[in-house]
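Residue-level structural notes
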There are 2 protein chains.
Amino acid sequence: MPKTAITGLLIDLELEANSELPKYRQIADHLRVSIETGRIPAGIKLPSTRIFAEELGVSRNVILQAFDRLIDEGLLSSRIGDGTYVMASVIGKQGGAAPEARTLTAPEPYPFRSLSRRGKSLVNSATDAFPERPTAFMPDLPDLREFPIKTWLRLLNETSGRLRGEILADTSNAGYEPLRRAIARHLNISRGMTCTSDQVIITTGSQQSLDLVSRMLFDPGDPVWLEEPGYVGARSIFSANGASLCPIAVDEQGLCIDEALAKHPSPRLIFASPSRHYPLGATLSLQRRSALIELASRCGAWIVEDDYDHEFRYVGHTPTSIHGLDGGQRTVHLGTFSKILLPSFRLGYVVVPPDLAEPFAKARAVVDRHASLIEQMVLSEFMHRGLLVAHIRRMRNLYRSRQVRLIGGLRDIFDNGLRLSATDTGMHVLIPLDQAADDQTIARKAMDHGVVLRPLSPYYAGRQKRQGLLLGFSAYNFDEIEQGLARLSKLRTMINPVLAVP
Amino acid sequence: MPKTAITGLLIDLELEANSELPKYRQIADHLRVSIETGRIPAGIKLPSTRIFAEELGVSRNVILQAFDRLIDEGLLSSRIGDGTYVMASVIGKQGGAAPEARTLTAPEPYPFRSLSRRGKSLVNSATDAFPERPTAFMPDLPDLREFPIKTWLRLLNETSGRLRGEILADTSNAGYEPLRRAIARHLNISRGMTCTSDQVIITTGSQQSLDLVSRMLFDPGDPVWLEEPGYVGARSIFSANGASLCPIAVDEQGLCIDEALAKHPSPRLIFASPSRHYPLGATLSLQRRSALIELASRCGAWIVEDDYDHEFRYVGHTPTSIHGLDGGQRTVHLGTFSKILLPSFRLGYVVVPPDLAEPFAKARAVVDRHASLIEQMVLSEFMHRGLLVAHIRRMRNLYRSRQVRLIGGLRDIFDNGLRLSATDTGMHVLIPLDQAADDQTIARKAMDHGVVLRPLSPYYAGRQKRQGLLLGFSAYNFDEIEQGLARLSKLRTMINPVLAVP
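These remarks concern the structure in this document. Everything quoted here is computed from the prediction, not taken from an experiment. (Residues numbered from 1 in each chain as written. Chains lettered and ligands numbered in written order. Predicted model: local features only at pLDDT ≥ 70, side-chain atom pairs only at ≥ 80, totals over all residues. Heavy atoms only, no water.)

1. Quick notes on the overall build of chain A
Counting its secondary structure elements, chain A contains 19 helices and 13 strands. Relative to its full complement of 502 residues, chain A shows a buried share of 60%. Sequence separation of at least 24 residues holds for 73% of the intrachain contacts in chain A that already meet a minimum separation of 6. Only carbon and sulfur atoms are counted for the fraction: they give 51% of the accessible area of chain A, which is about 19,300 Å². (Helix = DSSP H or I, 4+ residues; strand = E, 2+ residues; numbered from the N terminus. Buried < 20%, exposed > 50% of the residue type's maximum accessible area, 1.4 Å probe, protein only. Contact = heavy atoms within 4.5 Å. Areas by Shrake-Rupley, 256 points an atom, 1.4 Å probe, with all protein chains shown as cover.)

2. Considerations on the pattern of salt bridges
Residue and element names in this part refer to chain A. Across all of its chains, the model carries 42 salt bridges over all chains by this definition. Arg405 is the partner of Glu482 in a salt bridge, and the nearest nitrogen-oxygen pair spans 2.9 Å. Taken as a pair, Glu482 in helix H18 (residues 478-489) and Arg405 in helix H16 (residues 387-413) lie far apart in primary sequence, 77 residues in all. Each of the salt bridges in this network shares a partner with another, and the network as a whole consists of Asp143, Arg145, Arg402 and Glu480. (Salt bridge = Lys/Arg side-chain N within 4 Å of Asp/Glu carboxyl O.)

3. Some words on the packing of aromatic side chains
Residue and element names in this part refer to chain A. On inspection of all chains with the given rule, the structure shows 22 aromatic pairs over all chains. Relative to Phe382, the ring of Trp152 has its centre 5.4 Å away and its plane inclined at 65°; by these criteria the two rings are edge-to-face. Taken together, the positions of Trp152 in helix H6 (residues 149-161) and Phe382 in helix H15 (residues 373-384) put the pair 230 residues apart, joining distant regions of the chain. As far as burial versus exposure is concerned, Trp152 and Phe382 are alike and both buried. Consider the rings of Tyr278 and Tyr308, whose centres lie 5.2 Å apart with planes at 75°: the pair is edge-to-face. Of this pair, Tyr278 sits in the loop between strand S7 (269-272) and helix H12 (286-299) while Tyr308 sits in the loop between strand S8 (302-306) and helix H13 (322-325), and the two are 30 residues apart along the sequence. What makes Tyr278 buried here is its relative accessible area of 6%. Among the aromatic side chains, those forming a connected cluster through ring pairs are Tyr231, Tyr278, Tyr308 and Tyr459. Positioned over the ring face of Phe478 is Arg405, at 3.9 Å from the centre of the ring. (Phe/Tyr/Trp six-rings, centres within 6.5 Å; stacked < 30°, edge-to-face > 60°. Lys NZ or Arg CZ within 6 Å of the ring centre and 35° of its normal.)

4. A few points about the interface of chain A and chain B
Quite often, the size of an interface is put as the accessible area lost when its parts meet. Chain A puts 72 residues into the contact, and the matching count from chain B is 72 residues. Roughly 6,500 Å² is buried in total at the junction of chain A and chain B, and carbon and sulfur atoms are behind 59% of that figure. Joining chain A to chain B, the criterion identifies four salt bridges. Among the salt bridges present, the one from Asp211(A) reaches Arg215(B), with a minimum N-O distance of 2.7 Å. (Buried area = accessible area lost by both parts, 1.4 Å probe.)

5. Focus: the environment of Ala174(A)
Residues and elements named next belong to chain A. Here Ala174 lies in the loop between helix H7 (163-169) and helix H8 (177-190). With 184 residues separating them along the chain, Ala174 and Glu358 place their C-alpha atoms 8.4 Å apart. Excluding residues within four positions of it along the chain, Ala174 makes contact with Arg180, Val200, Ile201, Ile202 and Ala361.

6. A look at the sheet that holds strand S11 (residues 428-432) of chain B
Residues and elements named next belong to chain B. One open sheet holds the three strands; their spatial order is S11-S13-S12, and the pairing between them is antiparallel. A single partner strand is all that each edge strand has here, and the edge strands are S11 and strand S12 (454-455). Strand direction decides the pairing type here: S11 and strand S13 (residues 468-472), joined by five bridges, are antiparallel. Residue Val429 lies in a different strand from S13, and its bridge partner there is Leu471. Helix H16 (residues 387-413) contacts S11 and S13 of the sheet and is inclined by roughly 20° relative to S11. (Pairing = 2+ DSSP bridges. Axes fitted to C-alpha atoms, helices over the stretch in contact; angles between N-to-C directions.)

7. Quick look at the packing of helix H2 (residues 23-36) of chain B against helix H4 (residues 60-72) of chain B
Residue and element names in this part refer to chain B. Between H2 and H4, the shortest axis-to-axis distance is 8 Å and the interhelical angle comes to 50°. Considering the angle they form, H2 stands oblique to H4. Two packed elements cross with a definite hand, and for H2 against H4 that hand is right-handed. For the pair H2 and H4, the contacting residues are Lys23, Tyr24, Arg25, Ile27, Ala28, Leu31 and Arg32 in the first and Val62, Ile63, Gln65, Ala66, Phe67, Arg69 and Leu70 in the second. Residue classes in the contact of H2 with H4 are distributed as nine nonpolar, one polar and four charged. (Parallel < 35°, antiparallel > 145°, perpendicular 65-115°, else oblique. Left-handed = near helix turned anticlockwise from the far one by under 90°. Nonpolar A, V, L, I, M, F, W, Y, C, P; charged D, E, K, R; others polar.)

8. Thoughts on the relation of the copies chain A and chain B
The two chain copies are related to each other by a rotation about an axis together with a translation along it. Of the two same-sequence chains, chain A is brought onto chain B (RMSD 0.2 Å, axial shift 0.0 Å) by a rotation of 180°. The operation mapping one copy onto its partner corresponds to a two-fold rotation axis. The share of interface residues of chain A whose copies in chain B are also at the interface is 100%, consistent with both copies meeting through the same surface. (Least-squares fit on C-alpha atoms with pLDDT ≥ 70 in both.)

9. With respect to the sheet that holds strand S11 (residues 428-432) of chain A
One open sheet accounts for three strands, arranged S11-S13-S12 (chain A); its pairing is antiparallel. Of all strands in the sheet, those with a lone pairing partner are S11 and strand S12 (454-455) of chain A, marking the two edges.

10. Considering unusual backbone geometry
Residue Ala136(A) is joined to Phe137(A) through a cis peptide bond whose omega torsion reads 5°. In this structure, Phe137(A) sits in the loop between helix H5 (117-124) and H6. With an omega dihedral of 0°, the bond running from Glu228(A) to Pro229(A) counts as a cis peptide bond. As for its placement among the helices and strands, Pro229(A) is situated in the loop between strand S4 (223-228) and helix H10 (232-240). Positive phi values are uncommon outside glycine, yet Ala422(A) reaches one of about 65°. The class of Ala422(A) is buried, set by a relative accessible area of 7%. A positive phi angle, near 45°, is found at Arg369(B), a position not held by glycine. Relative to the helices and strands, Arg369(B) resides in the loop between helix H14 (357-368) and helix H15 (373-384).

11. A closer look at the pairing of S8(A)
Residue and element names in this part refer to chain A. The buried fraction of S8 is high, at five of five residues. Going residue by residue along S8, you find Trp302, Val304 and Asp306 tucked away on one face and Ile303 and Glu305 tucked away on the opposite face as well. In this structure, S7 lies alongside S8, joined through four bridges in parallel fashion. Residue Leu269 lies in a different strand from S8, and its bridge partner there is Trp302.

Structure below.
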């Protein structure tokens, strides 16, 4: 039986949005009937979760939940690196199974090789990055050549002398206290927050922060709002931790809260990048910030504020963080140093409400003790001496000049029709394309010409994807930008006709 | 109603070891009846899980599972930092509730403040360390003054020049490839293993390794064998991840496998420290290693081999690792650099069976991207130049001389009756005490005298605890050891009478 035939069995399933039954249950019920009646024969390998998810317009996680349920019921079995099979043993239960179905060799259950169910979900939530080379205009990279390596090594030398005393005195699960003080002060000044160092928990970066937040704040099956499009790393980790993902549309004011409430009225957790939506670039309006806080209060939800990239604002002023606006009552605030300093430098932080500081610190120590103390000590010195603020200021000016150069070059290449978005802040600009365009194909062609244009569509979880191209500028000097533009100009005739109409 | 009265209601519950029903279900069923019949009144605060666990002789995790079930059923509510309450709303369900019970103020459910159920379990699994000062004879510390900081900084300077190219080339989720090669080679030579670098996943240390292994290899409720006594950090993280903990006795040959099989016949995962049992010091015999491998194969279990501390062996030869013996088929092998180099240096590794390499690497990237690249690069250089092996050799000789000095001093202080264990390997020796002794009281008195003796009993999860004192020697030079011994000698009259009889 070819894949399409089985997929066909599923297409006639209409998911009911208003059903009491969650989607994975509807899918599991439909599959169960199909298996038990023999419409899907025993022993057969099912199409991948990806195919199911695309066909039904749901996330892969929903399909995984449905599969897991049927695995629990003994109707399906799953092999890592292979796929999901209808168990041979269900033959007896099948009324109308075609005789030839029984001759198919079904894999035996293989308990030793099996990962745990949550392990499989963890593995399956990993998303393959669109293949790229670290050359213009690959986004999300700071300029590594600008990292103040000499200063850093000098501080490291100084700090290592103090290591013995400090290392033994440091018993805080939450991280190195002077660094937590430096971060609290920095946030109070730059982000309008009123947190103390007690509320700051040091992590090894945003991904660990998100994992910790997931485990602490929601249980498997709980509804989690995510921006659509949005940060793929967040989607992965929420999905890996069993969230029921609710993709929420984003417009030029940020998260569309009213629309979201109508569809998914009772979130347990709301993930947002209000300073600068990733990847579209919108800043969440003050009105919507208030609405979000009010909503969280009303339905007892947590807001997780990813303050990623706020440092690089070229136009206007970054609004006070949601954590600052709500007094840190319902908001967990995430920050990272990867984009300011080095991606390979693994330090980030979570700022939690005061009464959650102790539970978070304890949990952090259970899952991973603490981050590298030496790196924490050096960063602490770096911040206390004002070097971080100076570095950010220098990078902001540098990146702004690079953005200006890139935008000028793009206007030279393309028609007057070119409009750009995401230009107020951040490390990339976005060229929106017509819906008829195929951004992934364009990106692949661009790669053949030695220039990186990252497609927008993979940032969408749902079926309604907008097409566009992300161009990073922060990591490239003027020569590299010119070279990238020269390569891009050869693609002019391909891209020009599909630029989005203003 | 005083605590003891409620506890009394539970003591009349006899847990049935052979019941089809898991223990948490038996406890939940018993509690449900007690609540619904009004024997436990509405609104009351329950005693802590610790008290329940001790009374019933089960792990706290079992109690937490029972509580969670009743929270799900709406009979209990839980507040972080406070405790667990019988819901006021069950009053209507209570037949014989005493009238005064209704006048108790019950906490309202407070959804906003609530952590997730797994978050609570994570927090509750954290164990408070016995309070200690970093002075002789605090165990588990390498001598920080011996860390080759000058060499390290030189390598760091050299390496930072290569950072740009390397950092961009490194796309492996599993860690920095040259470091993984160096680790695989080191293990193949020193531990009799046959792994390739593909099987090596770099983590931020043992705790993250254990967390990853837990999530990948067992689901909540699955039975996990743990050494009793054993490493508290492992117990915490397995418990936090929902394991049904099975404490397994340890004798002078290591894990008592036959006894374990009789009590807990079907483990999903077996955690062991075969090179050197922590904290008793036994080396798992070759016969038991074979038995363990055979058992894992038969019941489809995973073996998690913590190879902690094997570097410091003073007598005899460290046997081939279980991963080496079984060809890495059923064994996940854990190592760390914290004890060899610096505790604050956050790098460890997991060596997995070949077919699990890709799933583990993917999962590792989902939960925490990768470890600090700079530290990985420097460690890689350190290993490839043979400096790690040289450092280990130097530390082994140094620590051996310190152990000899400590043992000599102890023999001078105490009667001929003194026997010591755990002396073949590691960073501490153990003074076994008579069962009538109270090691925690002795440890507190010692602290008053400025000397650290770590009690053995907290390493036990169950009620049957052996008494003893751990004395670390690795972090202290001869002067510091003499000073510690001088302080210890003042406790002679207290400790001498309770030394275990040989």
